[in-house]
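Breakdown of the fold
The chain contents come next:
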Amino acid sequence: EPEVTQTPSHQVTQMGQEVILRCVPISNHLYFYWYRQILGQKVEFLVSFYNNEISEKSEIFDDQFSVERPDGSNFTLKIRSTKLEDSAMYFCASSERGQGLNTFGSGTRLTIV
Amino acid sequence: AQSVTQPDIHITVSEGASLELRCNYSYGATPYLFWYVQSPGQGLQLLLKYFSGDTLVQGIKGFEAEFKRSQSSFNLRKPSVHWSDAAEYFCAVVRNTNAGKSTFGDGTTLTVKP
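Everything numeric here is computed off the predicted structure, so don't read it as measured data.

Conventions adopted
Residues numbered from 1 in each chain as written. Chains lettered and ligands numbered in written order. Predicted model: local features only at pLDDT ≥ 70, side-chain atom pairs only at ≥ 80, totals over all residues. Heavy atoms only, no water. Disulfide = S-S within 2.5 Å. Helix = DSSP H or I, 4+ residues; strand = E, 2+ residues; numbered from the N terminus. Buried < 20%, exposed > 50% of the residue type's maximum accessible area, 1.4 Å probe, protein only. Contact = heavy atoms within 4.5 Å. Buried area = accessible area lost by both parts, 1.4 Å probe. Salt bridge = Lys/Arg side-chain N within 4 Å of Asp/Glu carboxyl O. Polar contact = N/O pair within 3.5 Å; in protein donor to acceptor, adjacent residues only side chain to side chain. Nonpolar A, V, L, I, M, F, W, Y, C, P; charged D, E, K, R; others polar.

1. A look at the state of the cysteines
The final tally for this structure, using the stated rule, is two disulfides over all chains. Sulfur-sulfur distance for the disulfide between Cys-23 of chain A and Cys-92 of chain A comes to 2.0 Å. Disulfide Cys-23 of chain A-Cys-92 of chain A: torsion about the S-S bond near -65 degrees, hence left-handed. Of this pair, Cys-23 of chain A sits in strand 3 (residues 19-24) while Cys-92 of chain A sits in strand 9 (residues 88-95), and the two are 69 residues apart along the sequence. Each member of the pair, Cys-23 of chain A as well as Cys-92 of chain A, is classed as buried. The disulfide partner of Cys-23 of chain B is Cys-91 of chain B, and the gap between their sulfur atoms is 2.0 Å. Across the S-S bond linking Cys-23 of chain B and Cys-91 of chain B, the dihedral sits near -65 degrees, which makes this disulfide left-handed.

2. Digging into the side chain of Ser-95 of chain A
Residue and element names in this part refer to chain A. With respect to the helices, strands and loops of the structure, Ser-95 is situated in strand 9. With a relative accessible area of 1%, Ser-95 lands in the buried category. Other than its neighbours up to four places away in sequence, Ser-95 contacts His-29, Leu-30, Tyr-31, Tyr-33, Leu-101 and Asn-102.

3. With respect to the interface of chain A and chain B
Taken together, the 22 residues of chain A in the interface contact 23 residues of chain B. Across the interface of chain A and chain B, roughly 1,700 Å² is buried in total on both sides, 55% from carbon and sulfur atoms. Between chain A and chain B we count two salt bridges in total. For Asp-106 of chain B, the salt bridge goes to Lys-42 of chain A, with nearest N and O atoms at 3.6 Å. In this assembly, chain A and chain B are joined by four residue pairs in polar contact (both at pLDDT 80 or more). Looking at the side of chain A that touches chain B, the elements that each hand over two or more residues are strand 4 (31-37), strand 5 (43-50), strand 6 (53-57) and strand 9 of chain A. Per element, the largest residue contribution to the side of chain A that touches chain B is four residues, and it comes from strand 4 of chain A. Of the residues assigned to the side of chain A that touches chain B, the class counts are nine nonpolar, nine polar and four charged.

Structural measurements only, silent on function.
This is the structure:
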């Protein structure tokens, strides 16, 4: 069964540094998402991306964050000047038509120290 | 805006007992509905989904859920719980529009007593 692949599975970054989280969505999917889950809390929507542009973003997704689809297969989330409170599990997801099932990756656990 | 409520933060059941986890949603139309399970430090595993049709849906690991439009609910059930079912359970909704994002409930932690 097709999967969404995320790398790395764990990332430790010093506060103030930039970090890039990578995702390879399912190949025929057209809609891409990033979600965040702070430890012990629920999964929160960050941003959706379609046709090479952001289609929706939450209030969490401020100027510190950016997304990119640098080629035909990767989808990245960049966090500039990381803060301690950015520590969380970040999930990438993709959807074939933007309706219905978001297929989630296994997540990247980001720890800011 | 859509929202999801899981009224029970923590539920404890005995192994072999039945289970029902509650989920209520708020949305103008019928959304797509999902249940996920998450073990500590792990990713999200899809248990089951409802798009349309039969309101009782079967999922993996012996779980089922029933969509009740009149109550805006999508409760998850299992007739006999196993110790390995102990985990966090999340209900989620997706708008049936383009770029439909997932909105999650706060989750219910299930503890299984021997």
